[in-house]
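Each chain is listed here by its residues.
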Amino acid sequence: MNRIRVFFYATVLWFTNANLTFAQTDTVAVKKDTLDYYDMSLDQLLKLKAHGVPSELEKLINSLISVASKKPLNVRESPSIVSLITEEEIKNSGARDLIDVLRLVPGIDFGVDVEGQVGIGVRGNWAHEGKVLVLLDGQEMNEILFATTQFGNHYPIEQIKKIEVIRGPGSAIYGGFAEYGVINIITRQAEDINGLTISGTYGQMEKDYGRRNANISIGKKNGDFAFSLSGMIGQGQRSDQTYTDFADTSYNMTGNSSLNPKYFNAAFAYKGLSFRCIGDFYDTKVGDGYGNVIKSGAVIESFNSIFYELKYPIQISEKFTLTPRVNYKTQTPWLSPSYDQKTAYNRNANRATGNLTASWNINRHINFVFGTETYQDKATDYTDSSFFANRTQHVSYFNYTFFAQGLIKTRVVNFIVGARYDKHNAYGEAFVPRIGITKKYNKFHFKALYSGAFRAPAIENINYADSGGIRPELTQVLELELGYQVTRKSILTANVYDITTNNPIVYYTDTTNADHYTNSGHSGSQGIEAEYRIKDKWGYVALNYAFYTVANKGKIHEYEVSQSSSSLLAFANHRLNLNACWKVAKGLSLNATASYYGSRWAYTSVDSLGASALEKIDPTFLLNFFVKYDTPLKGLSIGAGCYDILNQKFKYIQPYNGGHAMLPASSREIVFRMNYNLNFKKKN
Amino acid sequence: MNNTKHIATLKKLLLVVLLLRGIYSGNCTAQETDYKAYTLFIYNFMKYVEWPEAQSKGDFVLAVLGDSPITKELQTLASSKKLKGRNIIIKKCNTPEETVGCNLLYISSSKSASVKALKEQTKDKPILIVGEREGLAKKGAGLSFVTMEDDELKFDINKKEIEQHQLKISSSLLSLGIVIN
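Residues numbered from 1 in each chain as written. Chains lettered and ligands numbered in written order. Predicted model: local features only at pLDDT ≥ 70, side-chain atom pairs only at ≥ 80, totals over all residues. Heavy atoms only, no water.

Attention now goes to the overall build of chain A. Check the secondary structure of chain A and you find nine helices and 41 strands. In terms of C-alpha radius of gyration, chain A reaches 26 Å, essentially the compact-globule figure of 26 Å for 684 residues. Judged by the C-alpha coordinates and their principal axes, chain A covers about 85 × 70 × 50 Å. Burial status across chain A gives 56% buried among its 684 residues. If you take every contact in chain A between residues at least 6 apart in sequence, the share linking residues at least 24 apart comes to 63%. Split by element, the accessible area of chain A, about 27,700 Å² in all, is 60% carbon and sulfur. On chain A, the mean spot of the 72 positive side-chain charges and the mean spot of the 63 negative ones are 9 Å from each other. (Helix = DSSP H or I, 4+ residues; strand = E, 2+ residues; numbered from the N terminus. Rg over C-alpha atoms; globule rule 2.2 N^0.38 Å. Buried < 20%, exposed > 50% of the residue type's maximum accessible area, 1.4 Å probe, protein only. Contact = heavy atoms within 4.5 Å. Areas by Shrake-Rupley, 256 points an atom, 1.4 Å probe, with all protein chains shown as cover. Lys, Arg positive; Asp, Glu negative; His and termini not counted. Charge placed at Lys NZ, Arg CZ, Asp CG, Glu CD.)

The following block contains the structure:
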């Protein structure tokens, strides 16, 4: 009897399940729909998709990105391992800053550098100095003295439209700061803003505020003319915890770890001609210097940059476009106004770049992009007593580049072949080729990629080079990605990679705390990244896992962990991330994000002989929750949530043996957010 | 006792079956070609291409060469719509020879290799050849479908070929497609 019952339930369930599918093709409904369908206008035909009305997931995975190829390709065929983060995901998650967004990307992590600054790591490798390029609306954010980018309440998270992350090399397109990755941030442009947007965020940690930021954007596209003006001003704090150095000296980070951004972004376009200017002024307050607590108290550390770009694509013919572009940026990073400007580090650097890029679409299936770029770097020291290696207070360098890329799409596979050649007057040549094969076959896709990449020594790398000089470090990366669209609403992707870097540029300090750079040994990592993503009208769930090992790779003494052959300092071998959204009612969404960090290794003390001692740090689980509500008042949305619900009090670890103790991040932080859009006119 | 074990085993089996069923139905619903969209395009080709006077009377015969799910969609179209008062007849063909006498010839992907032979066979005859596979317009079809990078469905137009078949294509259809010559 029981068997019969089980069989009955199985049969019912089987057909219930089947009927769910059949219900979509109900004859009557289809007939009515079809009749309407046949009466569509020719204009409506233009909107038809070859594979039917795309699901929410298909809209995402079929969206076009050009970060990996210059020529727009869909995410599944783009010739790099790519993560695409949308404005919707950022806003729903309540992310406080880029760290919250990027730590959910497989393989991306953060560590502490000197002077309290937090930098990025990729696939187990410390990438803070010139190994990951951060682009904001096409402008290279990395400062050119050390090539670093600072994270923590820095960039205007609420103005971002999307972020395209290349989790692998990008040098063949982007040059010497894109060796391990590219983070391409695209903010809301004139047509996206189409009016006025104001927003504000307040975050409250256990003991003090975490951030209080305000944003404003105004933009409009009117025929051939478009403009947008955006600004952000804010105050934040890295932590409300206590930092303790190796000598057991402490300072309270509350009130002493400011992260205060000021930012503007102005863009004008008329027909093809476009001009952009971005100002980024980031003041931080740090009490930990090179690791030891600064006895005289926390000091201001400023990073100031202004970027300009003028660009005009010239359509030579239907198939051939020539784009001249000029960029200029001036940067004063690592400036300490708290100290005497005549004695403390006080250097400015600027870069003038000219670029000419040609894009030739021979036909729909063959595209060539080629061009040349040249830049001049100039740096000036404004102190009374310090000099560059040339024994003057001015240095100037010159670099020229040739690049070419061919993309051939066939019915069987897509081929991409490219190369970039750079020649710098101080450190010489770098040549990086890349070859990629990608294709999607309905539900399945694959990418097989080989990339050469390099890290260009920045101005101070040259300046502080050992007597033997400094050379670009060269990297070779192999990547293989497989993806399978399990249903119209879910996709599984997984990739493996192998990174080998020869003669990496390594930073170290000597006994007098003086900076040094040298090319030394070999490094790299191997690993697996996998993601399962479900997306539908009810919301989405993205679960990803990242694993790296350095067991089969060369080790650099400053980064290695003597007790573990598979780990590098600071970065967990195993990472798990969750990003989930449930749209419970119209305009109301409940969002959870979480990051699991496996064990990490850190230097946490010094022994009696002055040698740093390693410690295995227990796994950490960061859990966050955010509720977003689009109110009935048109354009107004509000949100509230809690970051680090479990109050794990995450700590950033220094990824090299530089004498810096773990840097506390914020404690549990309650976040409130408001966003108001006033549209000038309804978009067409 | 044995009965309980059996039930447990059956329950496990049931779970596996349902899981497999879930995966199976999932596979069925992943991105598949939407032949309804193709059909709509073809219906508009029929409306916006002008046949010579002699071929503008009687039934409109649409031949589908090769096995393709589009046949079913075209039959739905034929059962619910007319072309300027004319009945639409769908003729399923397995060989090029069977297509003789049609007004519109649809070459399904599996029969793409036949395009050159069909070009010869239909030379100067008022037949509109539509290719399912991209690139067939370059090889002798009048129109062929193209799936763009973002999955948008478009079509190539071989205007010269269409005109050689004594057909006239309207300017509005021309502006919608991609003219290759």
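Bringing the overall build of chain B into the picture now. For chain B, the count of helices and strands is seven helices and nine strands. Looking at chain B residue by residue over its 181 residues, the buried ones come to 49%. Pairs at least 24 residues apart make up 59% of the contacts formed inside chain B by residues separated by at least 6 positions. Roughly 8,600 Å² of accessible area belongs to chain B as shown, and the carbon and sulfur atoms make up 54% of that amount.

Glancing now at helix α3 (residues 70-80) of chain B. Residue and element names in this part refer to chain B. For α3, the complete set of buried residues consists of Ile 70, Thr 71, Leu 74, Leu 77 and Ala 78. In a view along the axis of α3, the buried residues occupy a sector of 115°, so they form one face of it. Looking at α3, the residues exposed on the side facing more than 90 degrees away from the buried face are Lys 72 and Ser 79. (Arc of directions from axis to C-beta.)

Helix length check: helix α2 (residues 35-48) of chain B, at 14 residues, gives a terminal C-alpha distance of 20 Å against a target of 20 Å (1.5 Å per residue), a fit within 8%. All of the buried residues in α2 of chain B are Tyr 35, Ala 37, Tyr 38, Thr 39, Leu 40, Phe 41, Ile 42, Tyr 43, Asn 44, Phe 45 and Met 46 of chain B. (Expected span 1.5 Å × (residues − 1).)

A separate point is the side chain of Ser 239 of chain A. Residue and element names in this part refer to chain A. Along the polypeptide, Ser 239 turns up in the loop between β13 (225-236) and β14 (242-244). Here Ser 239 falls in the buried class, since its relative accessible area comes to 0%. There is a polar contact of 2.8 Å between the side chain of Ser 239 and the backbone oxygen of Ala 665. When sequence neighbours within four positions are dropped, the list of residues in contact with Ser 239 reads Met 205, Met 253, Thr 254, Ser 257, Pro 664, Ala 665 and Ser 666. (Polar contact = N/O pair within 3.5 Å; in protein donor to acceptor, adjacent residues only side chain to side chain.)

Turning next to the sheet that holds strand β9 (residues 160-166) of chain A. As a general point, the strands of a sheet are linked pairwise by backbone hydrogen bonds and lie either parallel or antiparallel. Residues and elements named next belong to chain A. Sheet architecture is open: five strands sit in the order β3-β9-β10-β7-β8, paired in mixed fashion. On the outer flanks of this sheet lie β3 (82-86) and β8 (139-140), each paired with one strand and no other. In this sheet, strand β10 (residues 181-187) lies alongside strand β7 (residues 132-136) in parallel orientation, the contact comprising five bridges. Of the residues in β10, the one forming a bridge with Leu 135 is Asn 184. (Pairing = 2+ DSSP bridges.)

Our next topic: the domain arrangement of chain A. With domains assigned, chain A is organised as domain 1 (2-42) and domain 2 (49-679). Each of domain 1 of chain A and domain 2 of chain A has a C-alpha centre, and the two are 46 Å apart. (Domains from an automatic or database assignment.)

By size, the foremost hydrophobic cluster in this structure holds 112 residues, and its most contacted members are Leu 102 and Ile 163 of chain A. Looking at which element gives the most residues to this core, the answer is β7 of chain A, with five residues. Setting aside its immediate chain neighbours within four residues, Ile 163 of chain A contacts Ser 83, Leu 84, Ile 85, Ile 90, Leu 98, Val 101, Ile 183, Asn 184 and Ile 185 of chain A. Of all hydrophobic cores here, the second largest spans 43 residues; its members include Leu 40, Leu 74, Leu 128 and Val 130 of chain B. (Core = buried A, V, L, I, M, F, W, Y, C linked by side-chain atoms within 4.5 Å.)

Bringing the pattern of salt bridges into the picture now. Opposite charge on two side chains permits them to pair, given that their charged atoms come into close proximity. Residues and elements named next belong to chain A. Applying the stated criterion to the full structure yields 43 salt bridges over all chains. Between Asp 97 and Arg 211 there is a salt bridge, with its nearest N and O atoms 3.9 Å apart. Placement of the pair is Asp 97 in the loop between α5 (87-93) and α6 (98-102) and Arg 211 in strand β12 (residues 209-222), with a sequence separation of 114 residues. We note that Asp 97, like Arg 211, is buried. The salt bridge involving Asp 422 is made with Arg 420; its shortest N-O contact spans 2.8 Å. Given the relative accessible area of 4%, Asp 422 is considered buried. (Salt bridge = Lys/Arg side-chain N within 4 Å of Asp/Glu carboxyl O.)

Moving on, we get to the environment of Ser 396 of chain A. Residue and element names in this part refer to chain A. Assignment of secondary structure puts Ser 396 in strand β23 (residues 394-409). Assessed through its relative accessible area of 37%, Ser 396 is described here as partly exposed. It is 25 Å that separates the C-alpha atoms of Ser 396 and Ala 127, two residues lying 269 residues apart in sequence. Within the structure, the side chain of Ser 396 is placed 3.2 Å from the side chain of Gln 376, a separation counted as a polar contact.

In this approach a probe as big as a water molecule rolls over the atoms, and the regions it shows empty are the leftover space. Residue and element names in this part refer to chain A. Taken as a whole and assessed by the stated rule, the structure comprises 13 cavities of 30 Å³ or more. In this structure, the largest cavity is lined by 34 residues; those nearest its centre are Val 82, Ser 83, Leu 84, Glu 531 and Arg 533. The residue makeup of the lining of the largest cavity, split by class, is 17 nonpolar, eight polar and nine charged. Every residue lining the second largest cavity is counted, 18 residues in all, and those nearest its centre are Arg 96, Arg 103, Tyr 652, Ala 665 and Ser 666. Elements supplying a minimum of two residues to the lining of the second largest cavity: α6 and β37 (620-630). Within the lining of the second largest cavity, the residues separate by chemical class into seven nonpolar, four polar and seven charged. (1 Å grid on protein atoms, 1.4 Å probe; cavity = no way out; pocket = protein on both sides within 12 Å on 5 of 7 lines; lining within 4 Å. Points joined across faces, edges and corners; volume = space filled by probe spheres on them. Nonpolar A, V, L, I, M, F, W, Y, C, P; charged D, E, K, R; others polar.)

Residue and element names in this part refer to chain A. The strand order across the open sheet built from three strands is β4-β5-β6, with neighbouring strands paired in antiparallel fashion. Edge positions in the open sheet fall to β4 (108-112) and β6 (125-126), since each of these has one partner strand only. With two bridges connecting them, strand β5 (residues 118-122) and β6 associate as antiparallel partners. What sits directly across from Val 122, in β6, is Asn 125.

Residues and elements named next belong to chain B. For the pair α2 and α3, the least separation of the axes is 9 Å and the interaxial angle reads 50°. As the angle between them shows, α2 and α3 are arranged oblique. Note on packing geometry: the crossing formed by α2 with α3 is right-handed. Facing Tyr 35, Lys 36, Tyr 38, Thr 39, Ile 42 and Tyr 43 of α2, the residues of α3 in contact are Ile 70, Glu 73, Leu 74 and Leu 77. The class makeup of the residues in the contact of α2 with α3 is seven nonpolar, one polar and two charged. (Axes fitted to C-alpha atoms, helices over the stretch in contact; angles between N-to-C directions. Parallel < 35°, antiparallel > 145°, perpendicular 65-115°, else oblique. Left-handed = near helix turned anticlockwise from the far one by under 90°.)

Let's shift gears to the pairing of β37 of chain A. Residue and element names in this part refer to chain A. Here strand β34 (residues 588-597) pairs with β37 via ten bridges, running antiparallel. Paired with Leu 590 across the two strands is Val 627, which belongs to β37. Relative to strand β38 (residues 636-643), β37 runs antiparallel, the two sharing six bridges. Across the sheet, Phe 625 pairs through a bridge with Cys 642, a residue of β38. Linking β37 to β38, which pair antiparallel, is a turn of five residues; within it Gly 635 sits at a positive phi near 90°.

Residues and elements named next belong to chain A. The phi dihedral of Arg 123 is positive, around 50°, even though this residue is not glycine. Here Arg 123 is to be found in the loop between β5 and β6. Among the residues examined, Arg 123 registers a relative accessible area of 2% and is labelled buried. Its identity is not glycine, yet Asn 194 carries a phi of approximately 45°, on the positive side. For Asn 194, the position within the fold is in the loop between α8 (190-193) and β11 (195-204). You can call Asn 194 buried: its relative accessible area is 6%.

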